[in-house]
Structures are given as structure tokens and as C-alpha cells.
Amino acid sequence: MSLPEAIQPDGATHVRYRGRRLVYFGGCDYYRLAHHPKLLKAHTRTAARDGLGTGASRMTTGNHPAHEALETALMHFFGSETATVVGDGYLANIALGQAAKGRFDAAFIDEKAHMSLRDAAQFIGCPVVRYRHCDADDLAKRLSRRRAAKRVLLMSDGVFSASGRIAPLAGLAKRLPRLATLWIDDAHGAGVLGGRLRGTAEQCGLAGRRVIQSIVFSKALGSFGGAILGPRWLRAALLDGNPVVTGSSSLPAGLARAALASLELLRTRPGLAKRLRRNTAFVKDRLLAAGLPAGDPAFPVFSLDCPGKNAAALCYRLLANDIYPSCIRYPTGSEGAFYRFALSSEHTREQLERLIITLSR
Ligand SMILES: Cc1ncc(COP(=O)(O)O)c(C=O)c1O
């Protein structure tokens, strides 16, 4: 297996591919903030003054004021007791798994959880039981076989990135013991879902439950990096010799400042989320009307399975309509080949219409 062909971004909604300028529905930059002048300014100003990297872990000399400012802003934005910034989202899950060691008697994980969550499960130090994808009844069955477990942990993506499916967290939570903890990998839900854009738990009405969120800055926030949002014991464990926090270089300060700028934009410019929701509703209603799979109506992603020759035919049709063919083939092969389309707040009505017409033919 080789890497897919490199693509050159060209503004917020286009890429250059094989010498052509194509509309881009790939990636997860749901507000296209990676191109926003405020983020670019925050990043370049900080990098020019403080350098490209910190050159050390946060536990040595790499703790920058930007990390602390970002943690304060994250706590306010997401309403969490603590926030801890790390190098990226994959590391956030690994650090969390390490920090959770010895805290739980049994963990239950969605069978399609992101690979970083599955990797992280190895560190928790308790039996980890897989339940069927998004299936609360199957979770209940597996829980009933582990009645002796008092301290229970549920691990799931908030939104499954390949399909755009939102985990049925309310239904899953109902099956859990009252004091169970939910660990939501909210890489995709944070900044997109919920009235205050706090993510999937907010969208599913889980206020009052014990929730830990791992989030990334590389999707809705348009920057790069990761963070762990949760209770005080978790922060204490992360600062007490956690291998990721101690042994990996801290997030470059420019990226932390860019993430700060995007939180500020999401907080002060409700038009961004409104436009994303309007674009999502527009496309999903039209897909359903055309009898095409639209995925979850609330999330700006949908995917089409394309076995065999159909994949090539769709690729041809997309290219003929100046749309980048965002075909995904994971080397693990677990998902097969599929086309994934991510809508953004910045796509124009004409671009969305073109996508719908191309897919409906
Ligand atoms: C669900 C999920 N979790 C974690 C990650 C890892 O995040 P990062 O790319 O910041 O390492 C991703 C990234 O693609 C993701 O989709």
C-alpha cells in the first residue's frame, strides 16, 4: 500500500489536484478556520517571536504561557473542571489511558472506536470489553456479565468520522451504572455539536453525568494539537509523571495561539455554526430526497460505500464536475473503500448544489 497522491490546498474550499483546481469536500476543517486570517496571524506572530517549537516537554522547560491561556479558555468554552493540552489528539487518548490506570474495574468500548482510543485502552489496566457498534442493547448484555465491576468506564467516539454517525450516548448512558464514567473521543463533535458547541455529550443531554472528553484542535478548530477535559483527579494524574506529558515535546506555541483564536471566533461569531448547520441541512435534505444515504442529519459528514467498479465511476463523475474525489481506503481494510464528504460553513450554495447533482445522477 502506498500513500494517496499529495494534494495542494488552494484557498478554503479548493485544492489543486493533477493540475486542476477542484472543490474540496475532504478533511475535517468544518469551518475552514485553518485559512482564517485571525488564526494565521496568531500563529505567525507567535512563531516569529517565540520560535517554531518549544524544544522541550511541558514538565521540563516547554510549558509556554500560550498552553496555560489555552487551557483556561478550553475550561470556559467546554465547561470542564480541568483542561490539559498535549501534542495532538492521538496523544491525548494515549495520555488519558495511561492516567486512567487503576481507576476502573471494567471498560466497555465501541467496536468501531478510533484506533487511538483502542490503543489507549491497553493502558487502563482492567478488562476491556468490545460492544457492537452504537448498540445499547449489546452493551447492556455485556455489562450484565460483569456485575461485580463497580467502577465502570464507557469508551466511544462522540462522532464516528468515517460515517458521520453520532454515538447514541443518551441510550448508552441509560444502560450504565449511575456512577459510571463516559470517555468520549470528541475529535469531531467538539466545536460542532450542542447548543454551545461543547460537543456530543452536550448534544445528547448528558449534563450531570461523569464525562471525560478528549478533543483535537485539527478539525473544527482549524489548528493542530489535542487536549483532555475532565475532573481534577485526571489533571493530577496527568501532571504526576504521565509518560506523554513528561516525555514528548509540548505543542508549538503558535498552534496553541491559533487554537485560542479559533475558540474566540466560535464564541463570538455565531454565524459560523449557523452557516455550517444551514449547509448541512440543505445537503442532507436533498440527499434524502434523492434516495441517497445522508448519515446523521445533525453532522456535516456523509459517506458512500463504493464497491468495485462503482468507485471508479464515481471518481470519474466527481472529476468531471470539478470536485475532488475524496475516496478513503484505510490500510487496515476494516472499512473497505468509501467516499467521505465533509461539508463546511464556507462552501457556497453553488458548490453544494454541484455536489448533490453529481451524486444524484
Ligand atoms: C476520532 C479521532 N480521534 C483522534 C484523532 C487523532 O487526532 P490527531 O490527528 O490530532 O492526532 C483523530 C484524527 O484524525 C480522530 O478522527
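Residues numbered from 1 in each chain as written. Predicted model: local features only at pLDDT ≥ 70, side-chain atom pairs only at ≥ 80, totals over all residues. Heavy atoms only, no water.

Topic: the overall build of the chain
The helix and strand inventory of the chain stands at 13 helices and 15 strands. Its C-alpha atoms give the chain a radius of gyration of 21 Å, near enough to 21 Å, the size a compact globule of 361 residues would have. Taking the principal axes of the C-alpha coordinates as reference, the chain spans close to 55 × 55 × 40 Å. Going through the 361 residues of the chain one by one, you find that 53% of them count as buried. Considering only contacts in the chain between residues 6 or more positions apart, those separated by 24 or more positions represent 71%. Only carbon and sulfur atoms are counted for the fraction: they give 53% of the accessible area of the chain, which is about 16,200 Å². The positive charge centre, built from 50 side chains, and the negative charge centre, built from 29, are 2 Å apart in the chain. (Helix = DSSP H or I, 4+ residues; strand = E, 2+ residues; numbered from the N terminus. Rg over C-alpha atoms; globule rule 2.2 N^0.38 Å. Buried < 20%, exposed > 50% of the residue type's maximum accessible area, 1.4 Å probe, protein only. Contact = heavy atoms within 4.5 Å. Areas by Shrake-Rupley, 256 points an atom, 1.4 Å probe, with all protein chains shown as cover. Lys, Arg positive; Asp, Glu negative; His and termini not counted. Charge placed at Lys NZ, Arg CZ, Asp CG, Glu CD.)

Here we look at the site of the ligand
Every residue close to the ligand is listed here: Asp-88, Gly-89, Tyr-90, His-114, Ser-116, Asp-157, Asp-185, Ala-187, His-188, Val-216, Ser-218 and Lys-219. Between an oxygen atom of the ligand and a main-chain N or O atom of Gly-89, the distance comes to 2.8 Å. Between Tyr-90 and the ligand, the recorded distance is 3.0 Å, taken from a backbone N or O atom to an oxygen atom. Bound to the protein, the ligand loses 84% of the 390 Å² it would expose on its own. For the shell around the ligand, the class distribution of residues is three nonpolar, five polar and four charged. (Near = heavy atom within 4 Å. Polar contact = N/O pair within 3.5 Å; in protein donor to acceptor, adjacent residues only side chain to side chain. Nonpolar A, V, L, I, M, F, W, Y, C, P; charged D, E, K, R; others polar.)

Focus on the domain arrangement of the chain
By domain assignment, the chain separates into domain 1 (8–30 + 270–360) and domain 2 (37–268). For the domain 1 and domain 2 pair, buried surface summed over both sides reaches about 1,500 Å², with 60% attributable to carbon and sulfur atoms. The largest share of the area that domain 1 buries against domain 2 comes from Tyr-30, Arg-277 and Phe-299, three residues that together contribute 29% of it. At the junction of domain 1 and domain 2, the tally comes to zero salt bridges. (Domains from an automatic or database assignment. Buried area = accessible area lost by both parts, 1.4 Å probe. Salt bridge = Lys/Arg side-chain N within 4 Å of Asp/Glu carboxyl O.)

Some thoughts on the nonpolar core
The biggest cluster of nonpolar side chains holds 65 residues, and the ones touching the most others in it are Tyr-30, Tyr-31, Leu-70, Leu-74, Phe-108 and Phe-217. Tallying contributions element by element places helix H10 (residues 253–268) first for this core, with ten residues. Each of domain 1 (8–30 + 270–360) and domain 2 (37–268) gives at least three residues to this core. Among the nonpolar cores identified, the runner-up in size contains 25 residues, and Ala-100, Phe-104, Ala-121 and Leu-234 belong to it. (Core = buried A, V, L, I, M, F, W, Y, C linked by side-chain atoms within 4.5 Å.)

Digging into a positive patch on the surface
There is a patch of like positive charges on the surface, built from Lys-38, Lys-41, Arg-45 and Arg-269. Among the secondary structure elements, Arg-269 is positioned in the loop between H10 and helix H11 (270–289). With relative accessibility at 38%, the residue Arg-269 sits in the partly exposed group. (Patch = residues over 30% accessible without salt bridge, like charges linked within 9 Å, V, L, I, M, F, W, Y side chains within 5 Å.)

Focus: the environment of Tyr-316
Secondary-structure assignment places Tyr-316 in helix H12 (residues 309–320). On the basis of relative accessible area, Tyr-316 is assigned to the exposed category, the value being 64%. Sequence-wise, Tyr-316 and Leu-153 are 163 residues apart; in three dimensions their C-alpha atoms are separated by 46 Å.

A few points about empty space enclosed by the protein
In this structure the tally under the stated criterion is two cavities of 30 Å³ or more. One number sums up the size of the largest cavity: a volume of about 70 Å³. The wall of the largest cavity is formed by Arg-58, Val-85, Val-86, Gly-87, Val-244, Val-245, Ser-248, Ser-249, Ser-250 and Leu-251. Contributing elements (two or more residues each) for the lining of the largest cavity: strand S4 (82–86) and helix H9 (243–247). (1 Å grid on protein atoms, 1.4 Å probe; cavity = no way out; pocket = protein on both sides within 12 Å on 5 of 7 lines; lining within 4 Å. Points joined across faces, edges and corners; volume = space filled by probe spheres on them.)

Here's the deal with the sheet that holds strand S12 (residues 226–230)
Taken together, seven strands build an open sheet; the order of strands is S4-S12-S11-S10-S7-S5-S6 and the sheet is mixed. Two strands in the sheet have a free side with no partner beyond their single neighbour: S4 and strand S6 (128–131). Each adjacent strand pair in this sheet contributes to an overall mean axis angle of 20°, direction not counted. Pairing of S4 with S12, which is carried by five bridges, proceeds in the antiparallel orientation. Bridging across to S12, Val-85 finds its partner in Ala-227. Here helix H3 (residues 89–99) sits on the sheet and contacts S4, strand S10 (181–185), strand S11 (210–216) and S12; the angle it forms with S11, its principal contact strand, is near 145°. Lying on the sheet, helix H8 (residues 232–239) is in contact with S4, S11 and S12; it crosses S4 at an angle near 30°. (Pairing = 2+ DSSP bridges. Axes fitted to C-alpha atoms, helices over the stretch in contact; angles between N-to-C directions.)

Side note on the layout of surface pockets
Quantified by volume, the second largest pocket comes out at close to 420 Å³. In terms of lining residues, the second largest pocket is bounded by 18 residues, among which Phe-78, Gly-79, Ser-80, Arg-209 and Val-211 are the most central. For the lining of the second largest pocket, the secondary-structure elements that each account for two or more residues are helix H7 (200–203), S11 and S12. Among the elements that make up the lining of the second largest pocket, the one with the highest residue count is S11 (three residues). Residues of the lining of the second largest pocket, tallied by class, amount to eight nonpolar, five polar and five charged.

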